[in-house]
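# Tertiary structure, described
Each chain is listed here by its residues.
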Amino acid sequence: MSFVESLYQEYELIVGLEVHVELRTKSKMFCECPAYHFGVAPNTNVCPVCLGLPGALPVPNRKALEWTMLIADALNCKINTYQQFDRKHYFYPDLPKGYQITQFYFPVGEHGFVKLGDKKFRIRRVHLEEDTGKLIHEGDKSLVDFNRSGVPLVEIVTEPDFRDPADVKEFLKLLHLTVKYLGVSDADLEKGSMRLEPNISVRKKGETKMPSYKVEVKNINSFNFVVKAIEYEFARQAKLLREGKPVAQETRGFDPATGKTLPQRRKEVATDYRYLPDPDIPPVKFSRQEIDQIISKRPELPQERFNRYRKLGIREDAAWFLVYNKELADNFDKLLTKEPGLDFKGLAVFLANTPEKKRSLPFDRLVEEFKASRQKETLDEQTIAKIADEVIEQNPKAVQDYLNGKQNAIQFLLGQFMRRVRKRIDVGPVITYLRKRLDGMREG
Amino acid sequence: MKARDVALLSLKDTLEVLRSGDVSRSEILNSYYSRVQKLAKPLNVFITPPDLAALTDGSVSLPEAQQSTDEPALADSPDASSKRPLKKSEAQGTKRPGEASSGQLFGIPVSFKDNWLVKDTRTTAGSRVLENFIAPYTATAAERLLREGAVVWGKTNMDAWGHGSSGENSDFGPTLNPWDTRYTPGGSSSGSAVAVAADLTLVATGTDTGGSIRLPAAYTGVVGIKPTYGRVSRYGIVAMASSTDSIGHLTKTVWDAAYVLSITAGRDKYDATTSDKPVPAYHEGLRQFDPSSLKVGVISEFMGEGIDEDVLSATEKAISKLKEASAQVVEVSIPETRFGIEMYYILMSAEVASNLARYDGVRYGRDRTYFGMEAKRRIMLGTYVLSDVIPGKGLETTYAKVAMGRTLLVEAFKRAFEKVDVLITPVAPTLPFKLGELIDDPLKMYMGDLLTVPVSIAGLPALVVPTGTAKNEEGVLFPAAVQIIGPWFREDLLFKVGAFLEDLSVHQILREKLDKEFGL
């Protein structure tokens, strides 16, 4: 047993997630500036509000609130009819007001969950806030670009329900997909429009109390790095605990080059932020009907699409494949209405098996290829007899099984037959011939 | 009319002589300018004084309505993106941005409290932290005045960030009370009040968070309106305590105050706390008001302990004037007001600490060492009352508890206004105090806000009008004033009662005094 394995035997991993998603609304969260900020000349999409100038006031973006409700609903959250914006105070050069406007007391949504197979992971809250500016370090100077300041940012917080990094990855992939399905964010990890922050702690196996600390890891831009960071942190923290040392509550950064995490700053607690209901923004109130109406416009979710495909009889792996390849699935759905007679189960499997390079081909061409592959050849009787006899001769065990009453054995023999033919054929006559021969053997 | 007398006219009368053609716009500005030259410095009224030369672009003539070919008005609201192309005249510097060529205030000098952002003017909020801050945009309320043709007539002195009741917390030195320069004019809109009282301007803007318009109006004998919270946009005005900041103004008469509010009030899409309620022409029909059907309430908690005799008797005099006109006067008790000072200093400090967080030294060219003592005191207090979040019980900060208490006060006022139309109270517990008298005793200074802060916490409108004069124990003559409090969005009623109660001879006494002292 390796050292790390021994740690896993003795200690349990506990992970909660904070995921930030930048919305792709037209304008920013509290002003009229364009929210799009990638590749834009520094400090051009700015105004008194997002620069936090004296006297400037925030006015909330309704679209952003509606989109956050869609995310919250997709994560099975209860959506609050009374929502409020609060000020979260801290000093940082990219935060022009000295506070970030967020939702602390009354978020958009709470108490949700996501199911992965048999496991259920609870969502603590989904809330809306504003993004900060960006620091650019050049030589001994630090510059601030406020184009990103005030861009609507949704934060999704889970309960510390994860025990296995593989589940974390699965969850994040589904969340990423869900956000894309809703069409509310580019959710581009590279560009930072989706940011992943695991909160990691470790406790002794059998312990039921939550650890008194947590370590937040920032700057992670891929699902695999999240897994790596969690694994690294588990080993680091478990080792400290085994040595009888306390683990510090802190924020750490992930270095993709080394796969290690490094301390950044002591993590702050709620009181340090001095939360204050923002007196500039009256509480936002929605009636249940308004909320229902907003949610009724929500597009189909990945899980819903998966269920629909399964009802069509599409194989599970092919169904997931389509769900994760949204563009392909969208085209697939169009075809469903256009050519209802098509063999969709087969098409789904065909698409799933298409090599990645070929997937970028126009969808029509892929469908044509599929149809061509479906052209079945009917072998003449002589050929069937010749190959089937060979198969029967070379697979005495399967033959014996069949004679002993195992009907499935015929499938095996058919498989062997197909391996020899190596093209799509009408299998009916083959089966008939096989049965006839085998049943004849029994009688003989 | 003699040139020097032009500056003694009210806004109503000035508009009249302009309309009749008796007086030109440049004559008006020149008349005010000659008083500014003599009085502004000795009284320390302005942080940035009016610059007649800049206004007239070096030449003698001022823009007259007929001479201009510019488009008359600007967009409805300030250009948040600041991307509006400059008009030709703006680019050439002959006109300030937003200045119109006609309108209800065309050519009228308006002085702006120095926490109002007016594009391209220095806006310090009375603090050295912003000593070099040139506003890159214009406040909505200012824009509405400029759109009507108002002339930017200097930026007035104030307690830094609005923190103070005396003007002494200004980083640019205190403003002096023209009634007796040993005394404070009240604050924080000290420069604005004195600018109107000494006839250095026709209209001066103010902000009132806990009494900052009302107190200096009372101490200098001018009219001050603190509108309902949300009646006038706060956009573009340096925030003090966002939940009670009210945007108003100081004028020579009640009519003038009503006229100006008709222009500044109304919904602003850049301030989510402004109201959609329609804005009446507040100045119309003021004189026709008959108080005989009026029900006036006197708050018993405001008429007893802690209030000086001379203040009480001045208030009683105004009340008997209403009684004589057959108004019904009843006593109402609002015990919740007793916690006004405590509630206010908790709510306000918390919001002040939050609002000042942006002056962190990264921008505006000045770091935090430039904050004065009073700002530091409030930042510390505010940080403290926001630092006691109980984990899992987020709403139990001291701030949150007081916010709940605030609801009780609002309910209490609601009940009072079921019984009466308006409430009449003194403005401050004492007549003006001397410069330096309270500056080292902040708690005693805070007590001066006793009668104004409950109104602020409840977001009610209040009007202060001069009703006479009173002598203090040293025999110094000062104006006496009352505060008229009305239900939410009933400024119309306040102006009617105020027009009935105002004593315009008070201003005349000051004018004669200034004539003598400064040889005007």
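Bear in mind that the values here come from a model prediction, so they are computed numbers and not experimental data.

## Some points on the domain arrangement of chain A
All names here are of chain A. As far as domains go, chain A holds domain 1 (3-290), domain 2 (300-374) and domain 3 (381-443). With six residues of domain 1 at the contact, the number on the domain 2 side is five residues. Here the element with the most residues in the side of domain 1 that touches domain 2 is helix H3 (residues 165-182); it accounts for five residues. Split into classes, the residues belonging to the side of domain 1 that touches domain 2 amount to four nonpolar, one polar and one charged.

## Quick look at unusual backbone geometry
Cis geometry is found at the peptide bond from B:Gly187 to B:Ser188, where omega equals 5°. Tracing the sequence through the fold places B:Ser188 in the loop between strand E3 (151-156) and helix H7 (190-197). One non-glycine residue, A:His111, lies in positive phi territory at about 55°. In this structure, A:His111 sits in strand E6 (residues 109-116). Using a count of 14 C-beta atoms within 10 Å as the deciding quantity, one classes A:His111 as partly exposed.

## Looking at the nonpolar core
Counting residues in hydrophobic clusters, the biggest one holds 230 residues, and the most contacted among them are A:Ile71 and B:Val110. Ranked by residues supplied to this core, first place goes to helix H11 (residues 340-355) of chain B with nine residues. Dropping the residues within four chain positions of it, B:Val110 is found in contact with B:Leu105, B:Leu145, B:Ala150, B:Val151, B:Val152, B:Trp153, B:Thr201, B:Leu202, B:Val203 and B:Thr205.

## Brief notes about the environment of B:Asp5
Relative to the helices and strands, B:Asp5 is located in helix H1 (residues 3-6). C-alpha of B:Asp5 to C-alpha of B:Ser190: the two residues are 185 residues apart in sequence and 24 Å apart in space.

## Describing helix H17 (residues 505-518) of chain B
One full turn of an α-helix is made of 3.6 residues, so residues set three or four places apart face in the same direction. Residues and elements named next belong to chain B. Its 14 residues give H17 an end-to-end C-alpha distance of 20 Å, which sits within 8% of 20 Å, the value for a rise of 1.5 Å per residue. Packing partners of the buried residues in H17 comprise H7, strand E10 (462-471) and strand E11 (477-485). Downstream of H17 by one or two residues, Gly519 has phi in the positive range, about 55°.

## Some words on the interface of chain B and chain A
When the parts of a complex come together, some accessible area is lost, and that lost area is often used as the size of the interface. Listed as interface residues are 35 residues of chain B and, on the opposing side, 30 residues of chain A. Of all the elements, H11(B) adds the most residues to the side of chain B that touches chain A, at three residues. Among the residues forming the side of chain B that touches chain A, the class breakdown is 18 nonpolar, 10 polar and seven charged.

## Brief notes about the packing of helix H2 (residues 62-74) of chain A against H3(A)
Residue and element names in this part refer to chain A. Viewed as axis vectors pointing N to C, H2 and H3 meet at an angle of 135°, and their least axial separation amounts to 10 Å. Taken together, the axis directions place H2 and H3 in an arrangement best described as oblique. Along this stretch, H2 crosses H3, giving a crossing that reads as right-handed. Note on element contacts: H3 touches H2 through Thr178, Val179 and Leu182, opposite Leu70, Ile71 and Ala74. Each residue belonging to the contact of H2 with H3 can be placed in one class, and the counts come to five nonpolar, one polar and no charged.

## Section: the packing of helix H13 (residues 396-403) of chain A against helix H15 (residues 428-443) of chain A
Residue and element names in this part refer to chain A. Across the interface, H13 lies against H15 with an axial gap of 10 Å and an inter-helix angle of 70°. In this view, H13 runs roughly perpendicular relative to H15, as classed from their interaxial angle. Contacts between H13 and H15 pair Val399, Tyr402 and Leu403 from the former with Leu438, Met441 and Arg442 from the latter. Looking at the contact of H13 with H15 residue by residue, the classes come out as five nonpolar, no polar and one charged.

What counts, and where the lines are drawn
- Residues numbered from 1 in each chain as written.
- Chains lettered and ligands numbered in written order.
- Predicted model: local features only at pLDDT ≥ 70, side-chain atom pairs only at ≥ 80, totals over all residues.
- Domains from an automatic or database assignment.
- Contact = placed C-beta atoms within 7 Å.
- Helix = DSSP H or I, 4+ residues; strand = E, 2+ residues; numbered from the N terminus.
- Nonpolar A, V, L, I, M, F, W, Y, C, P; charged D, E, K, R; others polar.
- Buried ≥ 20, exposed ≤ 12 C-beta atoms within 10 Å, placed from the backbone.
- Core = buried A, V, L, I, M, F, W, Y, C linked by C-beta atoms within 7 Å.
- Expected span 1.5 Å × (residues − 1).
- Axes fitted to C-alpha atoms, helices over the stretch in contact; angles between N-to-C directions.
- Parallel < 35°, antiparallel > 145°, perpendicular 65-115°, else oblique.
- Left-handed = near helix turned anticlockwise from the far one by under 90°.

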